[in-house]
Amino acid sequence: MRLDVITIFPEYLDPLRHALLGKAIEQGRLEVGVHDLRAWATDAHKSVDSAPAGGGPGMVMKPQVWGPALDDVARGTAPGSDLVSALPHLDRARHDELEGVAAHEYTEREEERDLPLLIVPTPAGKPFSQEDARAWSHEEHVVFACGRYEGIDQRVLVDAQQRYRVREVSIGDYVLIGGEVAALVIAEAIVRLIPGVLGNRRSHEEDSFSDGLLEGPCYTKPRQWRGLDVPEILSSGNHAKVDRWRREQSLLRTLEVRPELLESAELDNQDLAFLAEQGWPRA
Ligand code: 6GU
(Lines give C-alpha, C1' and ligand atoms only; values in the text may rest on other atoms or scores of the structure.)
Protein backbone atom coordinates (compact mmCIF):
# COMPACT_ATOMS: atom_id res chain seq x y z
CA MET A 1 0.00 0.00 0.00
CA ARG A 2 1.07 3.53 -0.66
CA LEU A 3 -0.20 6.14 1.77
CA ASP A 4 0.12 9.90 1.19
CA VAL A 5 -0.87 12.67 3.56
CA ILE A 6 -1.33 16.32 2.60
CA THR A 7 -1.16 18.70 5.56
CA ILE A 8 0.10 22.11 6.65
CA PHE A 9 1.78 20.39 9.62
CA PRO A 10 3.94 17.60 8.13
CA GLU A 11 5.81 17.06 11.41
CA TYR A 12 2.50 16.10 13.02
CA LEU A 13 2.64 12.93 10.91
CA ASP A 14 6.06 11.81 12.18
CA PRO A 15 4.49 8.95 14.17
CA LEU A 16 3.68 7.29 10.83
CA ARG A 17 7.34 6.30 10.68
CA HIS A 18 7.36 4.71 14.10
CA ALA A 19 6.43 1.42 15.71
CA LEU A 20 3.90 -0.66 13.83
CA LEU A 21 3.77 1.52 10.74
CA GLY A 22 7.54 1.88 10.67
CA LYS A 23 7.82 -1.90 10.68
CA ALA A 24 5.41 -2.14 7.75
CA ILE A 25 7.61 0.33 5.84
CA GLU A 26 10.76 -1.69 6.59
CA GLN A 27 9.01 -4.86 5.43
CA GLY A 28 8.20 -3.17 2.13
CA ARG A 29 4.47 -3.52 2.71
CA LEU A 30 3.93 0.21 3.07
CA GLU A 31 5.27 3.39 1.51
CA VAL A 32 4.46 6.71 3.11
CA GLY A 33 4.69 10.24 1.70
CA VAL A 34 3.95 13.34 3.75
CA HIS A 35 3.40 16.53 1.76
CA ASP A 36 3.35 20.14 2.93
CA LEU A 37 0.29 21.82 1.40
CA ARG A 38 2.16 25.13 1.35
CA ALA A 39 4.32 23.78 -1.47
CA TRP A 40 1.28 24.40 -3.71
CA ALA A 41 0.57 27.92 -2.45
CA THR A 42 1.24 30.45 -5.19
CA ASP A 43 1.27 33.85 -3.48
CA ALA A 44 4.22 35.50 -1.74
CA HIS A 45 2.84 34.69 1.72
CA LYS A 46 2.24 31.01 0.86
CA SER A 47 -1.30 31.41 2.11
CA VAL A 48 -3.55 28.37 2.07
CA ASP A 49 -6.73 29.87 3.52
CA SER A 50 -9.02 32.86 3.23
CA ALA A 51 -12.19 34.33 4.76
CA PRO A 52 -15.38 32.28 4.42
CA ALA A 53 -17.77 33.28 1.63
CA GLY A 54 -20.88 34.74 3.27
CA GLY A 55 -18.88 35.97 6.26
CA GLY A 56 -18.48 34.48 9.71
CA PRO A 57 -15.60 33.42 11.91
CA GLY A 58 -12.56 31.34 10.98
CA MET A 59 -10.85 30.63 7.69
CA VAL A 60 -11.54 28.25 4.83
CA MET A 61 -8.82 26.39 2.92
CA LYS A 62 -8.45 27.58 -0.67
CA PRO A 63 -9.47 25.43 -3.65
CA GLN A 64 -6.67 26.81 -5.89
CA VAL A 65 -4.14 25.28 -3.48
CA TRP A 66 -5.87 21.99 -2.69
CA GLY A 67 -6.82 21.17 -6.31
CA PRO A 68 -3.28 20.96 -7.73
CA ALA A 69 -1.97 19.39 -4.49
CA LEU A 70 -4.45 16.51 -4.76
CA ASP A 71 -3.82 16.04 -8.47
CA ASP A 72 -0.04 15.85 -8.02
CA VAL A 73 -0.17 13.57 -5.01
CA ALA A 74 -2.79 11.28 -6.59
CA ARG A 75 -0.64 10.94 -9.70
CA GLY A 76 2.52 10.42 -7.68
CA THR A 77 4.13 13.50 -9.22
CA ALA A 78 4.16 15.65 -6.10
CA PRO A 79 7.12 18.03 -5.87
CA GLY A 80 8.97 18.14 -2.57
CA SER A 81 7.31 14.91 -1.52
CA ASP A 82 8.83 13.65 1.67
CA LEU A 83 9.34 10.02 0.73
CA VAL A 84 9.63 7.91 3.82
CA SER A 85 10.47 4.79 1.85
CA ALA A 86 12.94 4.56 -0.98
CA LEU A 87 10.70 2.52 -3.28
CA PRO A 88 9.83 4.57 -6.34
CA HIS A 89 6.10 5.11 -6.69
CA LEU A 90 5.67 4.28 -10.34
CA ASP A 91 7.32 0.88 -10.60
CA ARG A 92 6.22 -0.32 -7.23
CA ALA A 93 4.77 -3.80 -6.91
CA ARG A 94 1.02 -3.97 -6.66
CA HIS A 95 0.16 -4.89 -3.10
CA ASP A 96 -1.04 -8.33 -4.16
CA GLU A 97 2.29 -9.10 -5.77
CA LEU A 98 4.15 -8.64 -2.51
CA GLU A 99 5.25 -11.79 -0.79
CA GLY A 100 2.80 -13.12 1.73
CA VAL A 101 -0.02 -10.87 0.57
CA ALA A 102 -3.11 -12.66 -0.67
CA ALA A 103 -4.50 -11.49 -3.99
CA HIS A 104 -7.98 -10.05 -3.81
CA GLU A 105 -10.69 -9.43 -6.36
CA TYR A 106 -10.72 -5.97 -7.81
CA THR A 107 -14.30 -4.86 -8.11
CA GLU A 108 -13.57 -1.32 -9.27
CA ARG A 109 -13.80 -0.56 -12.97
CA GLU A 110 -10.56 -1.19 -14.84
CA GLU A 111 -9.82 2.48 -15.46
CA GLU A 112 -10.42 3.35 -11.79
CA ARG A 113 -8.01 0.78 -10.43
CA ASP A 114 -5.05 3.06 -10.14
CA LEU A 115 -6.96 6.01 -8.77
CA PRO A 116 -6.38 6.52 -5.09
CA LEU A 117 -8.95 6.38 -2.35
CA LEU A 118 -9.18 9.90 -0.95
CA ILE A 119 -9.92 10.06 2.77
CA VAL A 120 -10.95 13.41 4.20
CA PRO A 121 -11.07 13.42 8.02
CA THR A 122 -13.78 15.77 9.23
CA PRO A 123 -16.10 15.86 12.24
CA ALA A 124 -18.91 16.25 9.67
CA GLY A 125 -18.09 12.86 8.08
CA LYS A 126 -19.60 9.40 8.42
CA PRO A 127 -18.35 7.51 11.49
CA PHE A 128 -15.16 5.59 10.66
CA SER A 129 -15.55 1.90 11.52
CA GLN A 130 -13.59 -1.34 11.72
CA GLU A 131 -15.46 -2.39 8.57
CA ASP A 132 -14.00 0.62 6.72
CA ALA A 133 -10.53 -0.24 8.03
CA ARG A 134 -10.89 -3.81 6.75
CA ALA A 135 -12.08 -2.69 3.30
CA TRP A 136 -9.44 0.02 2.94
CA SER A 137 -6.60 -2.30 3.98
CA HIS A 138 -6.87 -3.76 0.43
CA GLU A 139 -6.30 -0.42 -1.31
CA GLU A 140 -3.15 0.19 -3.31
CA HIS A 141 -3.06 3.94 -2.81
CA VAL A 142 -4.70 5.96 -0.05
CA VAL A 143 -4.44 9.76 0.14
CA PHE A 144 -5.41 11.68 3.27
CA ALA A 145 -6.39 15.35 2.88
CA CYS A 146 -6.01 17.00 6.28
CA GLY A 147 -7.94 20.23 6.65
CA ARG A 148 -7.46 22.82 9.36
CA TYR A 149 -9.41 25.95 10.19
CA GLU A 150 -13.12 25.67 9.40
CA GLY A 151 -12.50 23.20 6.61
CA ILE A 152 -11.72 22.87 2.90
CA ASP A 153 -13.75 24.72 0.23
CA GLN A 154 -16.48 22.20 -0.68
CA ARG A 155 -15.76 22.53 -4.41
CA VAL A 156 -12.46 20.70 -3.86
CA LEU A 157 -14.43 17.63 -2.72
CA VAL A 158 -17.09 17.95 -5.42
CA ASP A 159 -14.35 18.15 -8.06
CA ALA A 160 -12.37 15.28 -6.53
CA GLN A 161 -15.48 13.07 -6.52
CA GLN A 162 -15.52 13.21 -10.31
CA ARG A 163 -12.17 11.40 -10.43
CA TYR A 164 -11.47 9.71 -7.11
CA ARG A 165 -13.42 7.76 -4.58
CA VAL A 166 -13.82 10.28 -1.77
CA ARG A 167 -14.65 9.29 1.83
CA GLU A 168 -15.38 12.01 4.40
CA VAL A 169 -15.05 10.33 7.79
CA SER A 170 -15.17 11.28 11.45
CA ILE A 171 -13.37 9.39 14.22
CA GLY A 172 -15.90 10.31 16.91
CA ASP A 173 -18.35 12.84 18.23
CA TYR A 174 -15.90 15.50 19.39
CA VAL A 175 -14.02 18.24 17.58
CA LEU A 176 -10.29 18.23 16.85
CA ILE A 177 -8.31 21.22 15.58
CA GLY A 178 -7.53 19.51 12.29
CA GLY A 179 -7.58 16.20 10.48
CA GLU A 180 -3.96 15.19 11.25
CA VAL A 181 -4.54 13.16 14.39
CA ALA A 182 -7.61 11.56 12.81
CA ALA A 183 -5.48 10.59 9.78
CA LEU A 184 -3.00 8.89 12.13
CA VAL A 185 -5.80 7.00 13.83
CA ILE A 186 -7.33 5.86 10.56
CA ALA A 187 -3.93 4.98 9.02
CA GLU A 188 -3.02 2.81 12.00
CA ALA A 189 -6.38 1.02 11.95
CA ILE A 190 -5.91 0.27 8.23
CA VAL A 191 -2.22 -0.64 8.16
CA ARG A 192 -2.38 -3.16 11.00
CA LEU A 193 -4.84 -5.15 8.85
CA ILE A 194 -2.53 -5.39 5.82
CA PRO A 195 -1.66 -9.09 5.61
CA GLY A 196 1.71 -9.75 7.20
CA VAL A 197 1.92 -6.50 9.18
CA LEU A 198 0.54 -8.02 12.34
CA GLY A 199 2.49 -11.19 13.06
CA ASN A 200 -0.41 -13.14 14.48
CA ARG A 201 -3.44 -13.29 12.16
CA ARG A 202 -5.66 -14.72 14.88
CA SER A 203 -5.07 -11.63 16.94
CA HIS A 204 -7.16 -9.49 14.65
CA GLU A 205 -9.82 -12.09 14.14
CA GLU A 206 -10.32 -11.81 17.89
CA ASP A 207 -10.27 -8.01 18.03
CA SER A 208 -13.01 -6.07 19.65
CA PHE A 209 -15.60 -5.30 16.92
CA SER A 210 -14.52 -8.15 14.62
CA ASP A 211 -17.52 -10.15 15.81
CA GLY A 212 -19.48 -7.09 16.90
CA LEU A 213 -18.57 -7.58 20.58
CA LEU A 214 -16.00 -6.03 22.90
CA GLU A 215 -13.11 -8.16 24.09
CA GLY A 216 -13.15 -9.40 27.64
CA PRO A 217 -10.26 -9.13 30.14
CA CYS A 218 -6.92 -10.88 29.65
CA TYR A 219 -4.33 -12.19 32.11
CA THR A 220 -0.75 -13.47 32.23
CA LYS A 221 1.68 -14.77 34.85
CA PRO A 222 2.05 -14.70 37.81
CA ARG A 223 -1.01 -16.61 38.96
CA GLN A 224 -1.31 -14.34 41.97
CA TRP A 225 -0.32 -10.67 42.00
CA ARG A 226 -0.95 -8.17 44.83
CA GLY A 227 -3.49 -10.56 46.26
CA LEU A 228 -5.38 -10.83 42.96
CA ASP A 229 -5.77 -14.21 41.24
CA VAL A 230 -5.93 -15.10 37.56
CA PRO A 231 -9.43 -16.64 37.11
CA GLU A 232 -9.11 -20.35 37.88
CA ILE A 233 -10.77 -21.53 34.68
CA LEU A 234 -7.81 -20.18 32.66
CA SER A 235 -5.50 -22.70 34.34
CA SER A 236 -7.90 -25.63 33.84
CA GLY A 237 -6.42 -26.75 30.53
CA ASN A 238 -9.96 -27.26 29.22
CA HIS A 239 -9.92 -25.26 25.98
CA ALA A 240 -13.63 -25.57 25.31
CA LYS A 241 -14.44 -24.25 28.77
CA VAL A 242 -11.88 -21.46 28.43
CA ASP A 243 -13.39 -20.41 25.07
CA ARG A 244 -16.89 -20.41 26.53
CA TRP A 245 -15.75 -18.38 29.55
CA ARG A 246 -14.04 -15.82 27.28
CA ARG A 247 -17.15 -15.56 25.15
CA GLU A 248 -19.25 -14.90 28.24
CA GLN A 249 -16.80 -12.27 29.52
CA SER A 250 -17.03 -10.61 26.14
CA LEU A 251 -20.84 -10.66 26.27
CA LEU A 252 -20.80 -9.29 29.85
CA ARG A 253 -18.45 -6.45 28.99
CA THR A 254 -20.46 -5.52 25.91
CA LEU A 255 -23.70 -5.61 27.91
CA GLU A 256 -22.13 -3.39 30.56
CA VAL A 257 -20.49 -0.69 28.44
CA ARG A 258 -21.95 -0.90 24.90
CA PRO A 259 -25.31 -2.69 25.14
CA GLU A 260 -26.42 -1.25 21.78
CA LEU A 261 -23.75 -3.41 20.08
CA LEU A 262 -25.64 -6.55 21.13
CA GLU A 263 -28.48 -5.59 18.77
CA SER A 264 -26.31 -6.21 15.71
CA ALA A 265 -23.82 -8.79 17.06
CA GLU A 266 -23.87 -12.40 15.82
CA LEU A 267 -25.29 -14.33 18.76
CA ASP A 268 -26.03 -18.04 18.93
CA ASN A 269 -28.56 -19.78 21.16
CA GLN A 270 -25.96 -20.32 23.88
CA ASP A 271 -25.15 -16.58 23.86
CA LEU A 272 -28.82 -15.66 23.97
CA ALA A 273 -29.44 -18.01 26.89
CA PHE A 274 -26.49 -16.53 28.79
CA LEU A 275 -27.64 -12.98 28.11
CA ALA A 276 -31.19 -13.88 29.17
CA GLU A 277 -29.76 -14.88 32.58
CA GLN A 278 -28.29 -11.36 32.75
CA GLY A 279 -31.67 -9.81 32.01
CA TRP A 280 -31.06 -8.97 28.33
CA PRO A 281 -32.96 -7.85 26.41
CA ARG A 282 -34.69 -5.64 28.92
CA ALA A 283 -38.47 -6.07 28.92
CL1 6GU B 1 -11.88 13.14 11.35
N2 6GU B 1 -11.42 15.65 12.07
C3 6GU B 1 -11.54 16.68 12.91
N4 6GU B 1 -10.99 17.82 12.59
N5 6GU B 1 -12.21 16.59 14.04
C6 6GU B 1 -12.76 15.42 14.31
C7 6GU B 1 -12.67 14.33 13.49
C8 6GU B 1 -11.99 14.48 12.36
N9 6GU B 1 -13.34 13.29 14.04
C10 6GU B 1 -13.82 13.75 15.16
N11 6GU B 1 -13.48 15.04 15.34
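Residues numbered from 1 in each chain as written. Predicted model: local features only at pLDDT ≥ 70, side-chain atom pairs only at ≥ 80, totals over all residues. Heavy atoms only, no water.

The name recorded for the protein in an unreviewed UniProt entry is tRNA (guanine-N(1)-)-methyltransferase, from Corynebacterium lowii. Under the Catalytic activity (unreviewed entry) heading, UniProt states for the protein: "guanosine(37) in tRNA + S-adenosyl-L-methionine = N(1)-methylguanosine(37) in tRNA + S-adenosyl-L-homocysteine + H(+)". UniProt annotates the protein under Subunit (unreviewed entry) with the comment "Homodimer." (UniProt positions renumbered as here; feature names shortened; annotations may be inferred.)

Explain the site of the ligand here, please?
Around the ligand, 13 residues are found, and the nearest of them are T122, I171, G172, Y174 and L176. Between a nitrogen atom of the ligand and a main-chain N or O atom of I171, the distance comes to 3.0 Å. At a separation of 3.2 Å, a nitrogen atom of the ligand approaches a polar backbone atom of L176. Burial of the ligand by the protein amounts to 97% of the accessible area it has alone, namely 280 Å². Contributing elements (two or more residues each) for the shell around the ligand: β6 (117-127) and β9 (165-170). Counting residues per element, the shell around the ligand draws most heavily on β6, at 3 residues. Of the residues belonging to the shell around the ligand, the class tally is 8 nonpolar, 5 polar and no charged. (Near = heavy atom within 4 Å. Polar contact = N/O pair within 3.5 Å; in protein donor to acceptor, adjacent residues only side chain to side chain. Areas by Shrake-Rupley, 256 points an atom, 1.4 Å probe, with all protein chains shown as cover. Helix = DSSP H or I, 4+ residues; strand = E, 2+ residues; numbered from the N terminus. Nonpolar A, V, L, I, M, F, W, Y, C, P; charged D, E, K, R; others polar.)

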